[in-house]
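As a plain string of letters, each chain reads:
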Amino acid sequence: MCFAQEAFVKKYTSSISVNDNVKGEWQTTDITVLFNPGGVTDIVFYYPNGHTKRFHQISVPEKDKTTNGDAYQIVDCLDESGRKVAIQLFDDDTCLRIIVANGWFVEFHKD
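Quantities reported herein were computed from a predicted structural model and do not represent experimental measurements.

An account of the nonpolar core is requested, with residue identities and associated values reported.
Formed by 16 residues in total, the largest nonpolar core has its most connected members in Ile-43, Phe-45, Phe-55, Ile-87 and Leu-96. Elements that contribute at least two residues to this core include exactly β1 (8-19), β3 (27-35), β4 (42-46), β7 (71-78), β8 (84-90) and β9 (95-101).

Quick one: what's the story with the packing of aromatic side chains, residue by residue and with numbers?
Across all of its chains, the model carries six aromatic pairs by this definition. Centre to centre, the rings of Phe-45 and Phe-55 are 5.5 Å apart; their planes meet at 75 degrees, and the pair counts as edge-to-face. Within this pair, whereas Phe-45 is found in strand β4, its partner Phe-55 is found in strand β5 (residues 52-57), the two being separated by 10 residues in sequence. Residue Phe-45 is classed as buried on the basis of its relative accessible area, which comes to 0%. Here the aromatic residues Tyr-12, Phe-45, Tyr-47, Phe-55 and Phe-108 are joined through ring pairs into a cluster of three or more. Across from the ring centre of Phe-105, 4.9 Å away, lies the NZ or CZ of Arg-97, which sits over that ring.

So what's going on with the environment of Val-22? Residues and values would help.
Structurally, Val-22 is set in strand β2 (residues 22-23). Judged by its relative accessible area of 55%, Val-22 is exposed. Each C-alpha atom, one on Val-22 and one on Gly-103, is 7.9 Å from the other, the two residues being 81 residues apart in sequence.

Now, about the environment of Thr-66: what can you tell me, with residues and values included?
Turning to its location among the elements, Thr-66 is positioned in the loop between β6 (62-65) and β7. A residue is classified by how much of its surface remains accessible, and Thr-66, at 25% relative accessible area, is partly exposed. Taking the C-alpha atoms as reference points, Thr-66 and Ile-16, separated by 50 residues in sequence, lie 19 Å from one another.

Quick rundown of the pairing of β8? Include the residues and the values.
Most of β8 is tucked away, with six of its seven residues classed as buried. Bridging between β7 and β8 involves seven bridges; their strand directions are antiparallel. Along β8, the bridge assignment pairs Ile-74 with Gln-88. Here four bridges tie β8 to β9, and the two strands are oriented antiparallel to one another. Its bridge partner being in β9, Gln-88 is matched across the sheet by Arg-97. Linking β8 back to β9 in an antiparallel pair, the connection comprises four residues, with Asp-93 at a positive phi of about 70 degrees.

What counts and how
Residues numbered from 1 in each chain as written. Predicted model: local features only at pLDDT ≥ 70, side-chain atom pairs only at ≥ 80, totals over all residues. Heavy atoms only, no water. Core = buried A, V, L, I, M, F, W, Y, C linked by side-chain atoms within 4.5 Å. Buried < 20%, exposed > 50% of the residue type's maximum accessible area, 1.4 Å probe, protein only. Helix = DSSP H or I, 4+ residues; strand = E, 2+ residues; numbered from the N terminus. Phe/Tyr/Trp six-rings, centres within 6.5 Å; stacked < 30°, edge-to-face > 60°. Lys NZ or Arg CZ within 6 Å of the ring centre and 35° of its normal. Pairing = 2+ DSSP bridges.

Written out as structure tokens, the structure reads:
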């Protein structure tokens with residue numbers, strides 16, 4: 001998977017928040033994520049309650065691997081209020097993270 005200019009969609013069915021390296025409870029959800037809508041390098045999250053959250057890409061995607069060897073791509077973005085976050089998309093197609101700061105992120109999974 002790639003943060004290419006072409007639009008693509010991912011769906012996730014659970015999420016967990018990690019705040020100051022402390023994991024919260026797993027939540028069942030139904031999140032749809034649209035990458036590059038209309039050819040624009042945005043990432044849009046569609047939540048089950050109708051809420052949307054848009055992130056605008058501000059860096060070139062980088063490829064890397066975790067210490068466990070899991071391949072991913074990561075890109076810096078600005079959220080709607082101008083805060084810088086990173087979006088991390090794992091190559092195994094099961095996980096996506098919104099990284100707010102070191103030890104602070106929301107992780108979405110396909111179960």
